[in-house]
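One letter stands for each residue in the lines below.
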Amino acid sequence: QVQLVESGGGLVQAGDSLRLSCAASGQTLSMGWFRQLPGKEREFVASISRSGAITRYADSVKGRFAISRDNAKNTMFLQMNNLKPEDTAVYYCAAGSSILASISEEMYDYWGQGTQVTVSS
């Protein structure tokens, strides 16, 4: 059983940056970030393979967000730049048993409790 704890969320203005962190209680394979916008279903944001060599992004965040990981510290990051009000959501960290960077929720076995990101205009 792997436990995931997100941190780094908060209230920022449009154009600002935030860095989310996800600390895992043990080693993980693929990891990813998902988010749930108000009144909508959870959606894929970014994912990264175990080695970090493969990353994938949702079109809505491509060029603005960057996912990375530090396997020595069992930690994953999401650097979010040029934030927009439409990025406002609860952001969830996930870890799965695949070696690839999956975009599908079904490929992830463990989830964090979520961290709120609010971007004001």
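Residues numbered from 1 in each chain as written. Predicted model: local features only at pLDDT ≥ 70, side-chain atom pairs only at ≥ 80, totals over all residues. Heavy atoms only, no water.

Engineer: What is the right way to read the sheet that holds strand β1 (residues 4-7) from this model?
Structural biologist: Within a sheet, each strand pairs with its neighbour through backbone hydrogen bonds, oriented either parallel or antiparallel. Read from one edge to the other, the open sheet built from 4 strands follows the order β1-β3-β8-β7, with strand pairing classed as antiparallel. If you trace the sheet from one side to the other, it starts and ends with β1 and β7 (65-70), each paired once. Strand-to-strand twist across the sheet, computed as the mean angle between neighbouring axes with direction ignored, equals 15°. (Pairing = 2+ DSSP bridges. Helix = DSSP H or I, 4+ residues; strand = E, 2+ residues; numbered from the N terminus. Axes fitted to C-alpha atoms, helices over the stretch in contact; angles between N-to-C directions.)

Engineer: Would you take a moment to explain the nonpolar core for this structure?
Structural biologist: Generally speaking, nonpolar side chains in soluble globular proteins are found buried as a group. The biggest cluster of nonpolar side chains holds 31 residues, and the ones touching the most others in it are Trp 33, Leu 78, Met 80 and Tyr 91. For this core, the elements supplying multiple residues, two or more each, are β3 (18-24), β4 (31-36), β5 (42-48), β7, β8 (75-80), β9 (89-96) and β11 (115-120). Sorting elements by how many residues they give to this core places β9 first, with 5 residues. Among residues more than four places away in sequence, those in contact with Met 80 are Asp 16, Ser 17, Leu 18, Leu 20, Arg 64, Phe 65, Tyr 91 and Val 117. (Core = buried A, V, L, I, M, F, W, Y, C linked by side-chain atoms within 4.5 Å. Buried < 20%, exposed > 50% of the residue type's maximum accessible area, 1.4 Å probe, protein only. Contact = heavy atoms within 4.5 Å.)

Engineer: Even after reading the chapter, I still don't get the packing of aromatic side chains, so can you show me in this structure?
Structural biologist: Here a ring pair, both rings aromatic, is described through the centre-centre distance and the interplanar angle of the planes. Applying the stated criterion across every chain, the model contains 4 aromatic pairs. Consider the rings of Phe 34 and Tyr 108, whose centres lie 5.4 Å apart with planes at 75°: the pair is edge-to-face. Of this pair, Phe 34 sits in strand β4 while Tyr 108 sits in strand β10 (residues 108-111), and the two are 74 residues apart along the sequence. Note on accessibility: Phe 34 and Tyr 108 belong to one class, buried. (Phe/Tyr/Trp six-rings, centres within 6.5 Å; stacked < 30°, edge-to-face > 60°.)

Engineer: Can you help me understand the environment of Gly 96 in this one?
Structural biologist: Counting through the fold element by element, Gly 96 comes out in strand β9. Between the alpha carbons of Gly 96 and Ser 30 there is a distance of 5.3 Å; along the sequence they are 66 residues apart. In contact with Gly 96, other than residues within four places in its own chain, are Leu 29, Ser 30, Met 107, Tyr 108 and Asp 109.

Engineer: How should the environment of Thr 55 be read in this particular structure?
Structural biologist: With respect to the helices and strands, the residue Thr 55 is situated in strand β6 (residues 55-57). The spacing of Thr 55 and Leu 100 is 45 residues in sequence and 8.9 Å in space, taken between C-alpha atoms.

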